[in-house]
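# Architecture at a glance
Listed below are the residues making up each chain.
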Amino acid sequence: MQYTKAILISLGTISLIWALNRSWGSIPAFAPLLSPFVGFWQNAESVNNADEEITLEGTKAPITVIFDDLAIPHVFAQNDADAYFAQGYLTARDRLWQMEFQTHAAAGRISELVGDKALELDRYNRRLGMGFGAEKAVKEMLADPRTREAIESYTAGINAYINQLSPSSYPLEYKLLGYAPESWQPIKCAYFLKYMSGVLALGADDLNMSNVLKKYGTVVTNDLFPDYPFREDPIIPTGTKWDFAPVKIPAVPANSQTDTKPLAMRWPEHDPAIGSNNWAVGPQKSATGYPILANDPHLTLSLPSIWYQIQLVTPTMNVYGASMPGSPGVIIGFNKQIAWGVTNVGADVLDFYQIRFKDASRREYWHDNKWKPVTRRLEMIKVKGQPDVIDTVLYTHHGPIMYEVGQRPFASNVPVGYAARWIAHEASNDLLTYYLLDRAKNHDDYRKALSSYSAPAQNFVFADIAKDIAISPNGRFPLKWKDQGKFLLDGTNPAHDWQGWIPAAQNPHVKNPPRGFVSSANQSSTDPTYPYYINWQFGSYERGTRINQRLTAMKNATPDSLRVLQNDNRNVRAADALPVFLPHIREKDLSDAQAKALTIIKKWQYNNDIAEIGPTIFTEWMRQYMDGVWKDDFPGNDSTTLRYPSFDRTLQLAEKDSASHWFDDLTTPAKETIGQVLTKSFQSTVDSLTRRHGPLGESWQWSKHKATRIGHLARLDALSALNVQIGGGAGIVNATTERTGPSWRMVVALGTTPKAYGVYPGGQSGNPGSPYYLNMLETWRTGRLNELLFLQTAQDKNPRLKRKLTLK
Amino acid sequence: MIELVLIAILSLLAQLFLPWWSLAIVAFGVCFWRSSGSGRAFLSGFLGVALVWLIYALLIQLRTDGVFVGRMSELLFKTNTSVLPALVACLLGGLVGGLAGLSGYFVKQATRAQPISRTASRSR
């Protein structure tokens, strides 16, 4: 009896401990998580301004790090290796989980952490050739002694931090997901850069366009999907002379189109909200006579913050700016002589080739009238709690065949039997560009730095203290015949291959244009006089047009004028479209509520400010109007996906050809007109908004409707910033949409010492338990910037400098 | 009372260096060593651990602002109640401590009762 009791109670206690010590599905191990000794409590931080000294293996000389009141580190090292070591150490200290999670995602290793629910996602990233590309990239980066030193020191710094950790000091997310950090490897830096290429250079409409072509033929396709928009204000100002003799451009082959069966593919189309703004005003427009530069890259907003501010001072450089956790050096920033920034180009650098195999064994494929061998790459996917999965991917010289006939593609239908040719598969040392920019002193250095850059192609804006300003849509651009890759390509025909590259020196660029400023907002890189084909579609014209209007008018610019422009909420699309559309509305057909909404739209000043109702109605209306015009003509289904013409083309139709047959709804016997489509879509917009928000009133206000969300990377709402009240929107200079927006805003005024300002929606720390996790959000939301402290020596005095860390 | 104080102090020291479940070994050991009844064993194990967990958690919560603990409450319990995490933590730790103390007591009873039970089984 005594035995039984003793055994039962003891066993019960042990079982309880066991049950509390392990995770159950997505429920974390409760006891270690709740224990104040090792659990999340240990991640709670308070403001600490005490100096520190840490002894680490791997430094060459003592490194001094000064932290300011926003916990931004200013690193003073006696050599470059130590600076990158410190950057690795400090970034890991603030962002280790984020760095590792993003590189795990790119490497297709999420299943290791969360089990088989991520298996298809992992398979997708691997089949895309992320590993294939990263392996090539890391070889290039390690082949150059400069980037080798940066990568290896950065890696050593990260590992020095990881080696200090014990389970109680793991970042919170490891405790929640129940795993431990692994040591950092140089290839992870390459994975990070591939991850960015995946975010910025992976959009493709090739298959949708092929399906459109199949349905409507060349004339209609060219008419509705033109290679240059109706309204446009390109990055390189119209009229700029090309100062080079172009190389020979491949001729368009006789059979430039593949004989494709209509195929379903919901490839992630280019997301128009992922774009960016940058510009620089020249001396004639600036109050000080020195250039001022601004940049705000728009990405899917996430927490921990996408960027990590840092200042790196060594005998070879003194650079300040935004770095990306996972990559050494500064990506967007300034030094004493220059400032630079980037926006995405959106070049057509992903194409799909139809592959013809010899037989079912898929060991050879037909190309250039020969059978060529297929290589196989084995992808070993570890899955939490299950045996490893081995996935075999077939590679042709074009690239990997993402899904073979008979395979079920990830989540939606990716083209089966097609090889993906993607710029991120090329060996390149993109890091070198940033390494050189961090140290650049003038326009020549900037041009040299850009020449080694490959992907994701960026519009690099530049300004320096010699009062030069410049911009260049820059990257490695395949030398293509016109429209090569607008549609699917034929993998058997060598004329369809990428045939070399546009020479880097002939990438579009302009220096000190007569208008006194340079700018980009993802619109067309050039006007149609540029001899090469980069893409047939770019980001739409609105932001670029607005920025150029404002900069044209600007005189005596100060950093504040540029800050105000970054927060500009003018809705150019509405200003262009409403005067065209409103006269077509049949007001007598509207209900009282609809008429009230129309009055609001009519009175609206085209500003996407927080409390406006106009943008809510306009945005929803235009979405429904696009469906109203095109849904019947381009009906997508499971076997064939199509796409609509652009908004620009649709607006042009209303202006130039308002009686067009495209306005007729083919699904009804009656013949509809533009007025009917506009009225009907307006009515249903008001009805659906009423259903969603109740009767017209405060609940319809733009920021409430938009409810901008900055989500935590692990999709945990409790660690996210939800329902952030801010204006702006897609196509607005203040490009804050529901999920995307300015991930970093920077303004730099050059001069004897540069004056710089910046902010991101989050904070320096990635730890949700830190007071620096979200402390910049309110500054960002209200459109203000923090001054960036550009220190000259570790002894500089400033009331905002709070503490010192010595790494030995 | 001595048991409770001993469990509190020793489990605190153990958890500074060892995994969280070392608290169970401490409670077990102390109650094995001495305890005057099953109820008291459970109570001293429960309170000894719960008090340490509660006080330590509250100290951290007061030292940092409550925002983070609120977020964790939201994450774990779907309600932003800043006292909940500390409360649940101390109940959980207490439960394990109490049961471990109870186990210690009963195992002690069993081993002490050994000769008697052997006799009993022989006589059966």
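Look a little higher up for the structure.
What counts, and at which threshold
- Residues numbered from 1 in each chain as written.
- Chains lettered and ligands numbered in written order.
- Predicted model: local features only at pLDDT ≥ 70, side-chain atom pairs only at ≥ 80, totals over all residues.
- Heavy atoms only, no water.
- Pairing = 2+ DSSP bridges.
- Helix = DSSP H or I, 4+ residues; strand = E, 2+ residues; numbered from the N terminus.
- 1 Å grid on protein atoms, 1.4 Å probe; cavity = no way out; pocket = protein on both sides within 12 Å on 5 of 7 lines; lining within 4 Å.
- Points joined across faces, edges and corners; volume = space filled by probe spheres on them.
- Nonpolar A, V, L, I, M, F, W, Y, C, P; charged D, E, K, R; others polar.
- Buried < 20%, exposed > 50% of the residue type's maximum accessible area, 1.4 Å probe, protein only.
- Polar contact = N/O pair within 3.5 Å; in protein donor to acceptor, adjacent residues only side chain to side chain.
- Contact = heavy atoms within 4.5 Å.
- Axes fitted to C-alpha atoms, helices over the stretch in contact; angles between N-to-C directions.
- Parallel < 35°, antiparallel > 145°, perpendicular 65-115°, else oblique.
- Left-handed = near helix turned anticlockwise from the far one by under 90°.

Time to look at the sheet that holds strand S23 (residues 708–712) of chain A. Residues and elements named next belong to chain A. The strand order across the open sheet built from three strands is S6-S23-S24, with neighbouring strands paired in mixed fashion. The open sheet has two free edges, formed respectively by strand S6 (302–303) and strand S24 (721–724), since each of these has just one partner strand. The sheet contact formed by S23 and S24 spans two bridges and is antiparallel. Bridged to Thr708 within S24 is Val724.

Now for empty space enclosed by the protein. Residue and element names in this part refer to chain A. As enumerated under the stated definition, the model contains five cavities of 30 Å³ or more in all. Empty space within the largest cavity amounts to approximately 220 Å³. In this structure, the largest cavity is lined by 18 residues; those nearest its centre are Met196, Leu200, Met324, Tyr434 and Gln458. Breaking the lining of the largest cavity down by element, the ones donating at least two residues are helix H9 (186–200), strand S5 (292–300), strand S10 (338–344) and helix H11 (430–439). Residue classes in the lining of the largest cavity are distributed as 13 nonpolar, four polar and one charged.

Okay, the side chain of Glu379(A) next. Residues and elements named next belong to chain A. Along the chain, the position of Glu379 falls in strand S14 (residues 375–383). For Glu379, a relative accessible area of 6% translates into the label buried. Looking at Glu379, its side chain comes within polar contact range of the side chain of Arg377, at 2.7 Å. Those residues within four positions of Glu379 in sequence are excluded, and the remaining contacts are Arg126, Val389, Ile390, Asp391 and Val393.

As a further point, take the packing of helix H17 (residues 614–630) of chain A against helix H19 (residues 674–693) of chain A. Residue and element names in this part refer to chain A. The N-to-C vectors of H17 and H19 enclose an angle of 130°; their axes lie 8 Å apart at closest approach. Comparing the axis directions of H17 and H19 gives the class oblique. For the pair H17 and H19, the sense of crossing is right-handed. Listed contacts from H19 to Thr616, Ile617, Glu620, Trp621, Gln624, Tyr625, Gly628 and Val629 of H17 are Ile674, Val677, Leu678, Ser681, Phe682, Ser684, Thr685, Ser688 and Leu689.

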